[in-house]
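Below, each chain spelled out in residue letters.
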Amino acid sequence: MFNIHMLPASFGDSLLIEYGEKDRRKYILIDGGPYYQFDEIIETLREVVPDMKEIELLVITHVDIDHIDGIIRLLNHDPALFKIKNVWFNNYEDLSFEEPADLLGGIQGEYLNVLVDKKDLNKNEKPITIHRDPEKIKIDDDFSIRIINPTQKALKKLLKKWDKHMLDKDLKHDEKKIWERLNEDFRYEPLPADVLGEEKDVKSLSEIKSKEDKSEANRSSIALLITYKKKTCLMAADATSEDLKANLEHLDLLNSWGQLNVDAWKLSHHGSKKSNQAYLTKMIQAKKILISTDGKKYDHPDKETIARLIMNQESNLDIFFNYTSTFNKIWKKQRLPSGIKCTFHFPEEEGYKKVALIPDSS
């Protein structure tokens, strides 16, 4: 049995990996969503995995608050809700934010660090990053993980960003710099004038070019390639297309056609078009696509991303959402190009969607 539970993390991520045999089920938790979703996430866990007493590994992919905040609440809970055997997180002691100016949760990284120490949890001694000669990290029998992001270079860049305030004083009265920053800030990106199905078809949408995500926080995301009994899942966190492409090539994970074939792919950055460039949707071929977001704040997933997947995946595609929102329910009515089959799976219970890679044993 190998299941991925997309938990109700609003616009963030919280994913539970469940694997093993019927009487020996084990768990890995990746991220905890924003703080205000913590109660709903825990309630959902109690419903879907009522017998879970411990997890093998807790992964906090990066310091954006839609990934880290719920984990802070989890670790601050006394008594502990369940035993945590190992923690993976890239933390730095010299974070300097007094109040984050956007979603980069510098101070949250400090909160997490002291909580891990207080709970005396077994945390990674070295940064979670890719190496020149990567090895599969054996978590359990038949279950292994390869680190495919971030690079040491990305972490060094993130550290520099943590050492200064988000808004530099020299931006003041510098109109050119202000415009440049505004254009790079995905929160304020203008909405396209067209509406899916009215002015642009799927093929045309897939060909629209998008700016690349260059965020230091997202580039520091811990992205994982998980394998269990020959089933493989790419958990991309918020990693950028540029980094994923470069790292997959560097780690020699592509086949002779220059592609990575996986059974499931949790899309980066909740289906953002900046983080899921057309070239990446050709390079990574998946049978199942997972998108975790309720669409709040940033209107994810972008329809350009879905269109790219539809046009660039080579086999029949299944796309799973853990929320039904204004930004994904449009695909219930959208006509697909002739000869292309894509099935969209919406949740029966908002915020939660189970994706089975290996069916539960009877």
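Reading the values: the criteria
- Residues numbered from 1 in each chain as written.
- Predicted model: local features only at pLDDT ≥ 70, side-chain atom pairs only at ≥ 80, totals over all residues.
- Heavy atoms only, no water.
- Pairing = 2+ DSSP bridges.
- Helix = DSSP H or I, 4+ residues; strand = E, 2+ residues; numbered from the N terminus.
- Axes fitted to C-alpha atoms, helices over the stretch in contact; angles between N-to-C directions.
- Contact = heavy atoms within 4.5 Å.
- Parallel < 35°, antiparallel > 145°, perpendicular 65-115°, else oblique.
- Nonpolar A, V, L, I, M, F, W, Y, C, P; charged D, E, K, R; others polar.
- Buried < 20%, exposed > 50% of the residue type's maximum accessible area, 1.4 Å probe, protein only.
- Phe/Tyr/Trp six-rings, centres within 6.5 Å; stacked < 30°, edge-to-face > 60°.
- Lys NZ or Arg CZ within 6 Å of the ring centre and 35° of its normal.
- Arc of directions from axis to C-beta.
- Patch = residues over 30% accessible without salt bridge, like charges linked within 9 Å, V, L, I, M, F, W, Y side chains within 5 Å.
- Areas by Shrake-Rupley, 256 points an atom, 1.4 Å probe, with all protein chains shown as cover.
- Salt bridge = Lys/Arg side-chain N within 4 Å of Asp/Glu carboxyl O.
- Lys, Arg positive; Asp, Glu negative; His and termini not counted.
- Charge placed at Lys NZ, Arg CZ, Asp CG, Glu CD.

K.L.:
Give me the lowdown on the sheet that holds strand β15 (residues 342–345), citing residues and values where you can.
P.N.:
Taken in spatial order, the 8 strands make up an open sheet running β8-β9-β10-β11-β12-β13-β14-β15, and their pairing is mixed. With partners counted over all chains shown, the strands left at the sheet margins are β8 (137–140) and β15, one partner each. Direction aside, neighbouring strands of the sheet carry axes that sit 25° apart on average. Those strands touched by helix α8 (residues 241–250) are β9 (143–149), β10 (223–228), β12 (260–266) and β13 (284–291), and its axis lies near 120° from that of β9.

K.L.:
Lay out the packing of helix α1 (residues 38–48) against helix α2 (residues 65–75) in plain terms, naming residues and giving numbers.
P.N.:
With their axes 10 Å apart at the nearest point, α1 and α2 run at an angle of 70° to one another. Judged by the angle between their axes, α1 and α2 are roughly perpendicular. Taking contact as the criterion, the partners of Phe38, Asp39 and Ile42 in α1 are, on α2, Gly70, Arg73 and Leu74. Residues belonging to the contact of α1 with α2 are distributed by class as follows: 3 nonpolar, 1 polar and 2 charged.

K.L.:
A description of the environment of His131 should follow, citing residues and the corresponding values.
P.N.:
Note on placement: His131 falls in the loop between α3 (106–118) and β8. Residue classification places His131 among the partly exposed residues on the basis of a relative accessible area of 45%. C-alpha separation for the pair His131 and Ile147, spaced 16 residues apart in sequence, amounts to 8.4 Å. Excluding anything up to four places from it in sequence, His131 contacts Gln152, His250 and Leu251.

K.L.:
Which residues make up the packing of aromatic side chains, and what values go with them?
P.N.:
Counted by the stated rule, this structure contains 9 aromatic pairs. Consider the rings of Phe2 and Phe143, whose centres lie 6.2 Å apart with planes at 75°: the pair is edge-to-face. You can see Phe2 sitting in strand β1 (residues 2–6) and its partner Phe143 sitting in strand β9, a full 141 residues away along the chain. Under the relative-accessibility criterion, Phe2 is labelled buried at 1%. With a relative accessible area of 1%, Phe143 lands in the buried category. For the cation-ring pair, Lys332 lies above Phe346, with the distance from its terminal atom to the ring centre recorded as 4.6 Å.

K.L.:
Can you tell me about α1, naming the residues and giving the values?
P.N.:
Among the residues of α1, those classed as buried are Phe38, Ile41, Ile42, Thr44 and Leu45. For α1, the arc enclosing every buried residue in end-on projection is 160°, short of the 170-degree limit, so these residues lie on one face. Each element contacted by the buried residues of α1 is listed here: β2 (15–19) and α2.

K.L.:
Any chance you could break down a negative patch on the surface for me, citing the residues and the numbers?
P.N.:
Negative charge collects at one region of the surface, where Glu40, Glu43, Glu47, Glu349 and Glu350 lie side by side. Here Glu40 is to be found in helix α1.

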